[in-house]
Amino acid sequence: MSRPLDGVTVIDFTQVMLGPSCTQALGDFGADVIKVERPESGDLSRRGVLAHTGQDNPVFLSLNRNKRGIAVDLSTDAGRAVIRDMLRTADVVVSNFRPGVMERLGLDYDAVAAINPAIIWAAGSGFGASGPYAHKGGQDILGQAYSGVMKRLADPEHPVSIYATPLADYTAGQHLVQGILLALLHREKTGEGQKVEVSLYNSMLAMQMQEATTRLMYDQELNWALMPLSGCFPTADSEIVIVGAFKPNPLRDICAALELPDLSLEERFSTLDRLKENRREIRQIIADRLKDGTAERWLAALEKHDVLCGPVRSLAEALADPQTAHNNMIIEFDNGTGQAVRTIASPIAMSEVPPEIRHAPPRLGEHSRELLQGLGYDAARIDKLVASGAVQ
């Protein structure tokens, strides 16, 4: 089966999440992703934040399938020569270091393009390659904070807090995928390589395009979580979420489902503006009623009246959901040592070319000799590189 990115070679200098989520997505659809790591320690996510080390760290395993691995000491002349040889025939090079690191390594766009003019040079950073914050380390939580995402709350009375899932890293990583694919299409038409850059900061601003446009044009706040009839509510046994919108009179339908009189007939709740003025009151009425029944009871009633609603689940519950299984969102493969890895699949479903697992996440330097042989290095030269510590 021919995959969309068969024949595309990606030299991957990325680590942690932004970059690895990008290169894994490319690998899932056929790209030959060659993960370049430092000897001994490798990608920072090999160590992770949990009590796992090495090959069994779930953070690393979740982000590095469909890659071959080589460990190269870029502080050595011999190591840098290996990378230059790899770049001569590569299609894409990806990094997510702080701005300036690739330049110090002699791997900035101009240097790489001098070796391979058709290269797609792609980089993710915290704030961009230039500007007042370019020098700052990029990290998901900082992306949330600087962009305004962290301060946009569903309830203004709640304290500001960190969003628990790294949405900035993942969003920027997928924007980097988009940029690389667009650059490959451009090269297919013109033969030209180019530089592609994304940042956590820009991705978080882009995520707020509706809210930002409202602020820029009318200096008003748009917060979907503050819609008066939408929110999370406790029932007798668990929480549910209701989205009281996208209908001519959602309050009437909510009241019918909850066996309440039609509160939309009352002047204080008769229009959206009046509902906003009396948001606390209407939400308290709904909350008090929901406490009288179970989540199952109220969800069935709300769905009967075509009100958007659902349970508020834990990740463990979502992973066990039959829809997750039906969508084939959990995959399992051997990590190369007999250990089963269970993780999340690509969310992209394609009828003719589905994503495919060809490689488990590589052990540090697992494919070093194989890749050097592919460059034409003989056994004696490879042994010398390994003995010198330039390659592991």
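Just above sits the structure.
Residues numbered from 1 in each chain as written. Predicted model: local features only at pLDDT ≥ 70, side-chain atom pairs only at ≥ 80, totals over all residues. Heavy atoms only, no water.

**Student:** Explain the packing of helix 1 (residues 18-28) against helix 7 (residues 167-190) to me, please; I cannot follow it from the model alone.
**Tutor:** Packed helices, taken two at a time, are described by the angle their axes make and the gap between the axes. The interhelical angle for the contact between helix 1 and helix 7, taken along N-to-C directions, is 45°, at an axis separation of 8 Å. Between helix 1 and helix 7, the angle is such that the two are oblique. Of the two possible hands of crossing, helix 1 and helix 7 adopt the one that is right-handed. For the pair formed by helix 1 and helix 7, the contact residues are L18, S21, C22, A25 and L26 on the first element and D169, Y170, A172, G173, Q174, L176, V177, I180 and L181 on the second. Residue composition of the contact of helix 1 with helix 7, by class: 10 nonpolar, three polar and one charged. (Axes fitted to C-alpha atoms, helices over the stretch in contact; angles between N-to-C directions. Helix = DSSP H or I, 4+ residues; strand = E, 2+ residues; numbered from the N terminus. Parallel < 35°, antiparallel > 145°, perpendicular 65-115°, else oblique. Left-handed = near helix turned anticlockwise from the far one by under 90°. Contact = heavy atoms within 4.5 Å. Nonpolar A, V, L, I, M, F, W, Y, C, P; charged D, E, K, R; others polar.)

**Student:** I tried to follow the packing of helix 7 against helix 8 (residues 200-207) on my own but got confused; where do I start?
**Tutor:** At their nearest, the axes of helix 7 and helix 8 sit 9 Å apart, and the two run at 95° to each other. Between helix 7 and helix 8, the interaxial angle falls into the category roughly perpendicular. Note on element contacts: helix 8 touches helix 7 through L200, S203, M204, A206 and M207, opposite L167, A168, D169, T171, A172 and H175. Tallied by class, residues from the contact of helix 7 with helix 8 come to seven nonpolar, three polar and one charged.

**Student:** Quick question: what am I supposed to make of the pattern of salt bridges here?
**Tutor:** Pairing is possible between side chains that carry opposite charge, provided their charged atoms lie close to one another. Tallied over the entire structure, the rule returns 28 salt bridges. Here R289 ties to E259 by a salt bridge, and the two come within 3.2 Å at their closest N and O atoms. Placement of R289 in helix 12 (residues 279-290) and of E259 in the loop between helix 10 (250-257) and helix 11 (272-277) is noted, with a sequence separation of 30 residues between them. Looking at E259, the relative accessible area reads 55%, which means it is exposed. (Salt bridge = Lys/Arg side-chain N within 4 Å of Asp/Glu carboxyl O. Buried < 20%, exposed > 50% of the residue type's maximum accessible area, 1.4 Å probe, protein only.)

**Student:** Please explain the environment of G30 as it appears in this structure.
**Tutor:** Note on placement: G30 falls in the loop between helix 1 and strand 2 (32-37). In sequence terms G30 and G7 are 23 residues apart; their C-alpha atoms lie 7.7 Å from each other. The contacts of G30, once residues within four sequence positions are left out, are R3, L5, D6 and R358.

**Student:** It is not clear to me how the sheet that holds strand 8 (residues 239-243) should be interpreted in this structure. Could you clarify?
**Tutor:** In a beta sheet, neighbouring strands pair by backbone hydrogen bonds and run either parallel or antiparallel. Overall, antiparallel pairing links the three strands, which are arranged 7-8-9 in an open sheet. Here the strands that pair on one side only, and so sit at the sheet edges, are strand 7 (230-234) and strand 9 (308-311). Strand-to-strand, the axes of this sheet are offset by a mean angle of 20°, without reference to chain direction. Here five bridges tie strand 7 to strand 8, and the two strands are oriented antiparallel to one another. Counterpart to S230 in the pairing with strand 8 is V243. Along the sheet, helix 12 contacts strand 7 and strand 8; its crossing angle with strand 7, the most-contacted strand, is approximately 35°. (Pairing = 2+ DSSP bridges.)

**Student:** Whenever I open this one, the sheet that holds strand 6 (residues 194-199) confuses me. Can you help?
**Tutor:** The six strands lie next to each other as 3-2-1-4-5-6, forming an open sheet whose pairing is parallel. Every other strand in the sheet has two partners, leaving strand 3 (67-71) and strand 6 as the edge strands with one partner each. The average undirected angle you get between the axes of adjacent strands in this sheet is 20°. Pairing geometry for strand 1 (residues 9-12) and strand 2, over four bridges, is parallel. Bridged to V10 within strand 2 is V33.

**Student:** Is there a simple way to explain the nonpolar core in this structure?
**Tutor:** Generally speaking, a soluble globular protein has its nonpolar side chains buried in company with each other. Counting 28 residues, the largest nonpolar core has I11, F13, I70, V82, I83 and V93 as the members making the most contacts within it. Elements represented by at least two residues in this core include exactly strand 2, helix 3 (77-87), helix 5 (109-115), strand 5 (120-125), helix 16 (368-374) and helix 17 (379-388). For this core, the leading source of residues is helix 3, giving four residues. When neighbours within four sequence positions are excluded, I83 is seen to be in contact with F13, V36, V72, L74 and L107. Grouped together as the second largest cluster of nonpolar side chains are 26 residues, V10, C22, A31 and A122 included. (Core = buried A, V, L, I, M, F, W, Y, C linked by side-chain atoms within 4.5 Å.)

**Student:** Help me understand the packing of aromatic side chains in this model?
**Tutor:** What describes a pair of aromatic rings is the distance from one ring centre to the other and the angle between the planes of the rings. For the structure shown, the criterion picks out five aromatic pairs. Ring plane angle 65° and centroid distance 5.5 Å describe the contact between F127 and Y133, whose orientation is recorded as edge-to-face. Since its relative accessible area comes to 10%, F127 is described here as buried. Cluster of aromatic residues (ring-pair linked, three or more members): F127, Y133, Y146 and Y201. The side chain of K195 reaches across the aromatic face of W121, ending 5.8 Å from its centre. Across from the ring centre of Y377, 3.7 Å away, lies the NZ or CZ of R381, which sits over that ring. (Phe/Tyr/Trp six-rings, centres within 6.5 Å; stacked < 30°, edge-to-face > 60°. Lys NZ or Arg CZ within 6 Å of the ring centre and 35° of its normal.)

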